Amino acid sequence: MCGIVGYSGPQNAIIPVLEGLTRLEYRGYDSAGVSYLVNNEIQIIKKEGKIDNLKAEIKNKNPFSHTAIGHTRWATHGAVNELNAHPHTNETFSIVHNGIIENASEIKEDLQKEGFKFKSDTDSEVFLVLLTKYFLQTKSVKDSISLAMKLIRGNSAFVMMMKDSTSLYAVKRGAPLVAGNNPAKKEIYLSSDPYALIGFAENIYFPEDEVICELNRTDKDIEVKFFELSGQKSERYKAQAKKMSLDVANKGEHEHFMLKEIYEQPGLIKNLYEYYLNQEGRQLLTKITKYKPDFIHIIGCGTAWHAGLVIKNFFEEQNKVRVNVELASEFRYRNPILKKNDIGIFISQSGETADTLASCDLCIEEKVTALSIVNVEGSTLYRNCAENFLIKAGLEIGVASTKAFTMQVLTGYLMSLSMAGKLEAKKVQKEFDLLADNIKQVLSRTTEIKAIADAVYNKKGFIFTGRGIYFPIALEGALKLKEIAYVHAEGYAAGELKHGPIALIDQHMVNISIVGPELHEKALSNTEEVKSRRGLIIGIGDEKDKKLKGVSDYYFGMNLEGLDHLRPVLVNISMQLFAYYVAKLKGTDIDKPRNLAKSVTVE
Ligand code: M6R
């Protein structure tokens with residue numbers, strides 16, 4: 001969840017490190033810091049809060065160095081303050097860490113008994129102290145890394161530098177890490193994300209777990225070397241020389257990335273069918289026809305899980321196959337029944353979500369075919385799965401996932417149609433075009449959504465309800481609202497209201513009632529029940545639905561005709577906008593909501 005960048009080369013190392021950290025800031029923004037070598041000694045600058053605070057301090061101090069490492073933090077152990085910010089440094093080493101050392105407190109206790117001192121409350125510093133202890137004994141950085149790695153538990157990635165050296169070191173277990181170089185410029189790089197290195201590194205290397213990366217640099221030469229923890233040379237890494245393009249991250253005419261990403265959706269939908277209906281995409285989709293699973297496990301977290309709940313309906317209906325949708329954090333620990341003829345579909349925007357990756361590993365161990373619905377090409381999930389169905393959403397910067405949800409659902413729809421042998425190019429194109437046009441219409445009606453948001457944003461709580469295919473949209477609508485507007489919101493299956501949550505309803509509560517043509521009468525009567533208890537109703541449904549409009553205090557109707565399976569996607573766009581405008585009225589940090597990070601690489 002934290003962002004890591006390391007550099008050694010002829011230019012001022014602070015520049016690429018800061019640029020990389022800025023690109024990764026959406027992954028964690030509690031605090032940030034850099035350490036760098038001056039006259040062979042380690043210097044450090046750390047700041048609490050967003051990276052702009054660090055930048056201001058750097059501007060002030062104007063450091064110059066050829067070797068530096070940097071970090072943006074999403075706190076796991078220890079409060080958010082400068083002391084706990086990374087890098088963690090002593091007279092010999094400086095380290096940055098992404099992940100969790102699960103047995104940190106036991107190790108710390110032992111080290112303290114041995115006389116080692118700690119400056120912070122972080123688990124990360126335990127690794128620094130271990131490294132130092134072993135270095136005193138072995139005089140070898142690689143051996144010290146290896147000994148420390150053997151002792152710690154949990155998923156982590158570390159990048160390290162040391163005094164008197166222009167080398168950088170790194171190692172990881174179950175957390176993302178890449179190495180890079182630019183041979184012409186004699187530069188070496190390390191990062192938690194290749195995105196930070198695009199435009200800098202010519203070659204990117206993806207080491208596997210427990211492979212030590214040693215990157216050396218002199219004025220004449222650079223080398224990138226990999227070792228096993230045993231000290232042997234390692235071949236367990238992949239190299240990618242292919243140029244990666246940088247999806248330029250700017251907000252365009254929009255005030256926030258989230259809004260920009262919401263507006264990108266109609267264009268992306270067209271790109272998606274163009275990709276999947278052309279030769280390369282078509283071939284990929286055809287591959288799914290070779291699977292005749294008895295059972296499909298769809299796994300993801302957060303918004304990706306909600307997308308899975310929508311996709312389940314497609315597979316069940318079109319393929320008559322049993323499907324279970326599971327939260328990755330639960331699936332991985334509950335000994336699920338996995339059979340050889342099952343398939344696992346792992347949904348993830350980032351492809352780096354720790355729980356999703358662990359669930360995928362579990363399936364692979366049990367010989368279950370792992371397929372991904374993923375946005376980031378080259379991510380860990382992408383590399384681990386047998387086939388990858390890219391959602392082609394482009395870079396998603398807003399921590400609240402919007403366009404990824406839409407594209408995940410549509411990709412799942414195409415996979416399901418293809419597996420069922422029902423993929424008709426012309427029909428899909430027509431459906432997707434209609435969806436894109438109707439989304440555009442919704443996007444042109446923000447004044448109405450703003451007015452609704454304005455009327456209700458100060459209410460006590462928000463209950464989103466829906467039945468059937470709209471239930472996941474109720475969950476997603478509530479998630480979006482709580483994460484960016486910091487208000488209490490819950491998603492419920494409308495039929496569940498009277499099993500408990502209806503007790504919450506009074507004139508201070510808002511019910512966002514999603515009622516499509518499916519199960520219309522049932523969902524409408526649930527809305528009436530809320531109305532009778534003085535709940536404020538925001539009706540979301542078909543533009544021609546007079547009954548729902550009649551029962552609603554505020555109504556947002558859309559043209560759902562002809563959309564059939566894709567109606568939930570359209571409805572969800574109005575939920576995205578509603579959350580956005582409530583958050584704006586609340587004055588929150590929409591793109592970087594408090595306590596969250598874009599990519600959850602710790603469990
Ligand atoms: O990168 P992933 O799709 O695996 O991420 C999963 C969730 O962490 C993510 O969807 C999260 O719930 C978003 N903040 C929701 O907006």
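Here the structure is a predicted model, which is why all the values come from computation and not from measurement. (Residues numbered from 1 in each chain as written. Predicted model: local features only at pLDDT ≥ 70, side-chain atom pairs only at ≥ 80, totals over all residues. Heavy atoms only, no water.)

1. Observations concerning the overall build of the protein
- Of regular secondary structure, the protein possesses 19 helices and 24 strands.
- Computed over the C-alpha atoms, the radius of gyration of the protein is 25 Å, within 12% of the 25 Å expected from 2.2 N^0.38 for a compact globule of 603 residues.
- When its C-alpha atoms are laid out on the principal axes, the protein stretches across 75 × 50 × 45 Å.
- Considering the protein as a whole, with its 603 residues, one finds that 62% of them fall into the buried category.
- Put simply, 70% of the contacts in the protein that link residues at least 6 apart link residues at least 24 apart.
- Within the structure as shown, the protein displays about 23,500 Å² of accessible surface, and the carbon and sulfur contribution to it stands at 49%. (Helix = DSSP H or I, 4+ residues; strand = E, 2+ residues; numbered from the N terminus. Rg over C-alpha atoms; globule rule 2.2 N^0.38 Å. Buried < 20%, exposed > 50% of the residue type's maximum accessible area, 1.4 Å probe, protein only. Contact = heavy atoms within 4.5 Å. Areas by Shrake-Rupley, 256 points an atom, 1.4 Å probe, with all protein chains shown as cover.)

2. Focus on the sheet that holds strand E20 (residues 461–466)
- The sheet built from 5 strands is open, its strands ordered E21-E20-E22-E23-E24 with parallel pairing. Each edge of the sheet is formed by a strand with only one pairing partner; in this case those strands are strand E21 (489–493) and strand E24 (554–558). Sheet twist, expressed as the mean angle between neighbouring strand axes with direction ignored, is 15 degrees.
- When E20 meets strand E22 (residues 509–515), the two strands line up parallel, connected through 5 bridges. Its bridge partner being in E22, Phe462 is matched across the sheet by Val510.
- Helix-sheet contacts for helix H15 (residues 446–456) involve E20, E22, strand E23 (536–542) and E24, and the interaxial angle to E24 is about 155 degrees.
- The sheet contacts of helix H17 (residues 520–532) involve E22 and E23, and relative to E22 the element is tilted by about 170 degrees. (Pairing = 2+ DSSP bridges. Axes fitted to C-alpha atoms, helices over the stretch in contact; angles between N-to-C directions.)

3. Considering the nonpolar core
- Counting residues in hydrophobic clusters, the biggest one holds 110 residues, and the most contacted among them are Phe432, Phe462, Phe464, Leu481 and Phe578.
- Take this core: its biggest share by element is 12 residues, from helix H19 (residues 567–586).
- Both of domain 2 (248–444) and domain 3 (445–603) provide at least three residues apiece to this core.
- Leave out the neighbours within four places in its chain, and Phe578 touches Ile449, Ile452, Ala453, Val456, Phe462, Phe464, Leu481, Ile512 and Ile538. (Core = buried A, V, L, I, M, F, W, Y, C linked by side-chain atoms within 4.5 Å. Domains from an automatic or database assignment.)

4. As for the site of the ligand
- The environment of the ligand is made up of 15 residues, and the closest members are Ser348, Gln349, Ser350, Thr353 and Glu483.
- Elements that contribute at least two residues to the shell around the ligand include exactly helix H9 (302–319) and helix H16 (471–485).
- Its residues assigned to classes, the shell around the ligand shows 6 nonpolar, 7 polar and 2 charged.
- Structurally, the shell around the ligand is a two-domain feature, drawing no fewer than three residues from each of domain 2 (248–444) and domain 3 (445–603). (Near = heavy atom within 4 Å. Nonpolar A, V, L, I, M, F, W, Y, C, P; charged D, E, K, R; others polar.)

5. A word on the domain arrangement of the protein
- Looking at the assigned domains, one finds that the protein contains domain 1 (3–240), domain 2 (248–444) and domain 3 (445–603).
- Distance from the C-alpha centre of domain 1 to the C-alpha centre of domain 3: 43 Å.
- Facing 14 residues of domain 1, the contacting portion of domain 3 comprises 11 residues.
- Regarding the contact of domain 1 and domain 3, the summed buried area is about 1,100 Å², with carbon and sulfur atoms giving 55% of it. (Buried area = accessible area lost by both parts, 1.4 Å probe.)

6. Quick notes on the pattern of salt bridges
- If you walk through the whole model with that rule in mind, you get 34 salt bridges.
- Glu210 serves as the salt-bridge partner of Arg173, at 2.7 Å between the closest nitrogen and oxygen. Taken together, the residues span a long stretch of sequence, with Arg173 in strand E8 (residues 168–173) and Glu210 in the loop between strand E11 (203–207) and strand E12 (211–217) at a distance of 37 residues.
- For Arg173, a relative accessible area of 15% translates into the label buried.
- For the salt bridge of Glu448 with Arg445, the shortest nitrogen-to-oxygen distance reads 2.9 Å.
- Judged by its relative accessible area of 36%, Glu448 is partly exposed.
- Within this structure, Lys142, Glu214, Glu223 and Lys225 form a network of salt bridges that share partners. (Salt bridge = Lys/Arg side-chain N within 4 Å of Asp/Glu carboxyl O.)

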